[in-house]
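# Geometric and topological summary
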Amino acid sequence: MTFRVKALVCFVVASAVASLYWVSGHVMTQWPHFAVYLAAVVLSARMKVAVPRTEATMPLNFPFVLLGILQLSPLQAAVLAVSGAIAQWPFGNVAPASLVRLLFDASSAATATVLAWQTYASSLQPLSSETAPALALAAAVYLLIHSIPAALLQAFESGTAQSKQWRRELLLHTPFYIVSAMLAAAASFIGAQFGWMTSLLLIPLVYTAYRAYEAQMEIVRDRDRYIVETEALHLRTIEGLAMAVEAKDQNTHRHLMRVRLYVAELGKAMGLSKPQMQALATASFLHDIGKLAIPEHIINKPGKLTHEEFEKMKIHPVVGANILERVHFPYPVVPIVRSHHEAWDGSGYPDGLRGEDIPIGARILTAVDCFDALASERPYRRAMPIDEAMAFVKSKAGTQFDPVVVRLLEERYLQLEELARQQSEEMEPLRTDLLIERGAAPGAGFQPEQAASGSVEHDRPSRSESANALAAESLNLIAAASREAKAVFELSQMLGTSLSTRETSAMMSKRLQPLIPFDCFAVYLKSEESVKAQYIDGALAHAFSSQHIPLGEGLSGWVAQNERPIVNGNPTMETNYVVESGMLSENSSALSIPLFDSANAAFGVLSVYSSKHAAFSKDHLRILEAIQPKFSLSLENAFRFRNAEADARIDHLTQLVNMRYFSQQINAQVERAHATGQRFAVGVCDLNSFKAVNDRHGHLKGNDLLRAIAEGFRTCSGPADIVARMGGDEFAFLFPAMDESLTGTQLKRLDDAVQRACAGLRIEASISSSIGIAYYPDDGDTAEELLGKADREMYLSKQSFYRQRRRGEAGLFLVGSGSR
């Protein structure tokens, strides 16, 4: 015992001795009354009623103690109270501490009885000798004096404040003590009128009251058991919902149970109320239920999320809160679920709450959820050691997490981790890799692979026929599986052999046809706001145009935006469907899946269409999803090759074609001209005095001028003409439809373009163009001959320019075989 406990026991015993000594002078009379009341007190001592939801009990021998106060001396009444306290004690426990507690209780009862007797005696005169009110006041004093030392002793022994519990029990006991006073007053009145033996009728009254009260308490206990069982069922239902989340998110193995243990212990340490604790326990299970609205490929992605994926992931607290709001929990679960990703400094989501505006349950759950996630294995990183995880959480105290919560977590995380480890060893994870052997077929039968022909036999088949049918069906399934595996393997091997998007798509369409019954095959590519058909093939190809489909609209637009497949959708909902074709109807079918790039972001859609109703099954979806990664990679490589090919033929400064591509086009034009006899012209241009622009204004200004001149050349050329940059300040032209009669006009436009570019950039320099022209077939019948002739003519023009400049003249200098 502590010093305070010893001091309290000594004080109570001393008070009892002093009280008994104080009233020892009163004459003890009416011994028959005393004997009868003593027997009644002892016999009814074991008749106690438990107070619901507390450990306290109500003794039913108290009315006889009050009769002693009414009819006997104070010392006799005190002996009755002490005898009742002793009779209630379990005599099987004779330990020293138990004997001290018995002495404490007996002393407390003696003191309370003496003070109650004094209160009764003192209040008779002010209350005009009204027995009942005076006795009720005495009973209240007895309760107060008897309960205060007991509450203090319990507080000293447990080390916690018991004032709240004492006040609660005081309110529960007070009506019983007042009723006991009324019963004792009634018995005393009957005894005074009809003889004191008649007052013994109080014994059956007390027993009847005890039985009635006990029956009522049994009803209360049944109701409490029902509430407990209902809460347990509620919790098991919540655990079932949590397992549904775990079944989708395989990264949360054992996570929910660990989080529940941690938040429960921290909630107790922070003194949360019972409703708050219930809400926290429920939220610890269901805080991630909103992930049911997140695509699985994002939740289980083996890598970091993209910006778009994170934007999608951020909706799960709001979705979870909306789901749970419909449940109407009797405690505040929804605010915790909605706010479990808020940050202490206001940088969290979805509402940007800060500080104590965040619900206390959410603050606890946020810190614990992060701590356990860091200490758990994830696809994109290995689990941190628990000490490093705690250090990380501590580093975020005051910014992301509540500092008080972090401090408590740091003090107790090793102890809680040991408890969580013990709990995890006893817990079996949810299994989804199950194989059910029983169940040969669904009640409605399997979907037939093709419509049966001929007559239908209605007679019941024999046992041997059924066995043969099952064997044949099994062989068909095995053969179908073999064909599927072979086709998928061959397709996977062939994909990637072509760097053409069209060839890759055509190969995919051809190889899929035996596996999936479609009439049209389409590949769409996704841009920022729409998807556009890159390849359409099949019998119903003319039912779809090549126009853009806005994201989110039609089947393919929806799949591209939501990154989820659609099975047996309505193909007429596609915005590029040509209604006038009449090839499809609302009963037709479509199967669409997203195509993901190496960053796991949707870059396109693969859609197959059929004129038949419900033509596609989940097996068809499975086949497409199995081939999708390889097909997507092949398309991605083809797009990269196409882009690289485009980069290889474009001059990056002017965005004109380069000489490699220009040479290919001249060769092709020569071949066409050989076949048709058509004349065409080739030009080579050099800018005069361009070096002066670089020297005076700098190379950046010179580059701006080259870009402006290139744009001017492109603008004044015809749609079939080709303009290329040879290098530096030299350009080349291919005019497929130009002859000598049009040369002067066209080349004047080119020189005007040079002058406009200089004026637009405010460059004051004598910039002009020297252009040499060669004509097919007069100046050559090969690309090399034509380019060589045009180049020589350009240099002759340049020489004339410098001679003229020395004489003070400048302008366009054209030299060509057709002008001489």
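For the structure given in this document, a descriptive report is provided here. (Residues numbered from 1 in each chain as written. Predicted model: local features only at pLDDT ≥ 70, side-chain atom pairs only at ≥ 80, totals over all residues. Heavy atoms only, no water.)

### Topic: the environment of Phe-690
Definition in use: Here a strand is any run of E in DSSP of at least two residues, a helix any run of H or I of at least four, and the numbering for each starts at the N terminus. Working rule for contacts: check all heavy atoms of both residues, and any pair within 4.5 Å makes them a contact.
Its place among the elements puts Phe-690 in helix H23 (residues 690–697). A sequence separation of 12 residues divides Phe-690 from Gly-702, and the C-alpha atoms of the two residues are 7.9 Å apart. Residues contacting Phe-690, with those up to four places away along its chain left out, are Gly-702, Leu-705, Leu-706, Asp-729 and Ile-767.

### Observations regarding the packing of aromatic side chains
This is how the line gets drawn: Working definition: rings of Phe, Tyr and Trp (its six-membered ring) pair if their centres are within 6.5 Å, and the pair is stacked with planes under 30 degrees apart, edge-to-face with planes over 60 apart, and tilted otherwise. Using a 1.4 Å probe on the protein chains alone, a residue whose accessible area is under 20% of its type maximum counts as buried, one over 50% counts as exposed, and one in between counts as partly exposed.
Evaluation of the coordinates by the stated rule reveals 14 aromatic pairs. An angle of 85° between the planes, with centres 5.6 Å apart, marks the rings of Trp-31 and Phe-34 as edge-to-face. With Trp-31 and Phe-34 both in helix H2 (residues 31–43), this residue pair falls 3 residues apart, about one helical turn. On the basis of relative accessible area, Trp-31 is assigned to the partly exposed category, the value being 45%. Look at Phe-34 and you get buried, because its relative accessible area is 11%. For the pair Phe-544 and Tyr-609, a centre-to-centre distance of 4.3 Å together with 25° between the ring planes defines the contact as stacked.

### What to know about unusual backbone geometry
A negative phi angle is the norm for most residues apart from glycine, just as the trans form is the norm for most peptide bonds. Pro-350 follows Tyr-349 through a cis peptide bond whose omega is 10°. Locating Pro-350 in the fold gives a position in the loop between helix H14 (334–338) and helix H15 (360–374). Looking along the chain, the bond that leaves Tyr-776 and enters Pro-777 is cis, with omega of 5°. You can see Pro-777 is positioned in the loop between strand S12 (768–776) and helix H26 (783–806). Here the phi dihedral of Asn-600 falls at roughly 65°; this positive angle occurs in a residue that is not glycine. Tracing the chain through its elements places Asn-600 in the loop between strand S7 (589–596) and strand S8 (602–610). A relative accessible area of 19% means that Asn-600 is categorised as buried. Positive phi, normally seen in glycine, also occurs at Gln-655, with a value near 60°. Position of Gln-655 among the secondary structure elements: in the loop between helix H21 (618–648) and helix H22 (659–676).

### Some words on the nonpolar core
In globular proteins that are soluble, nonpolar side chains generally tend to be buried together. Note the threshold: The definition of a nonpolar core used throughout is a set of buried Ala, Val, Leu, Ile, Met, Phe, Trp, Tyr and Cys residues joined through side-chain atoms within 4.5 Å.
Counting 41 residues, the largest nonpolar core has Tyr-262, Val-333, Ile-364, Phe-371, Val-393 and Leu-409 as the members making the most contacts within it. Of all the secondary-structure elements, those providing two or more residues to this core are helix H9 (255–269), helix H10 (274–286), H14, H15, helix H16 (386–395) and helix H17 (403–425). Setting aside its immediate chain neighbours within four residues, Tyr-262 contacts Val-368, Phe-371, Ile-386, Leu-409, Tyr-413, Leu-416, Glu-417 and Ala-420. Ala-40, Leu-67, Ala-81 and Leu-170 belong to the second largest nonpolar core, which has 38 residues in total.

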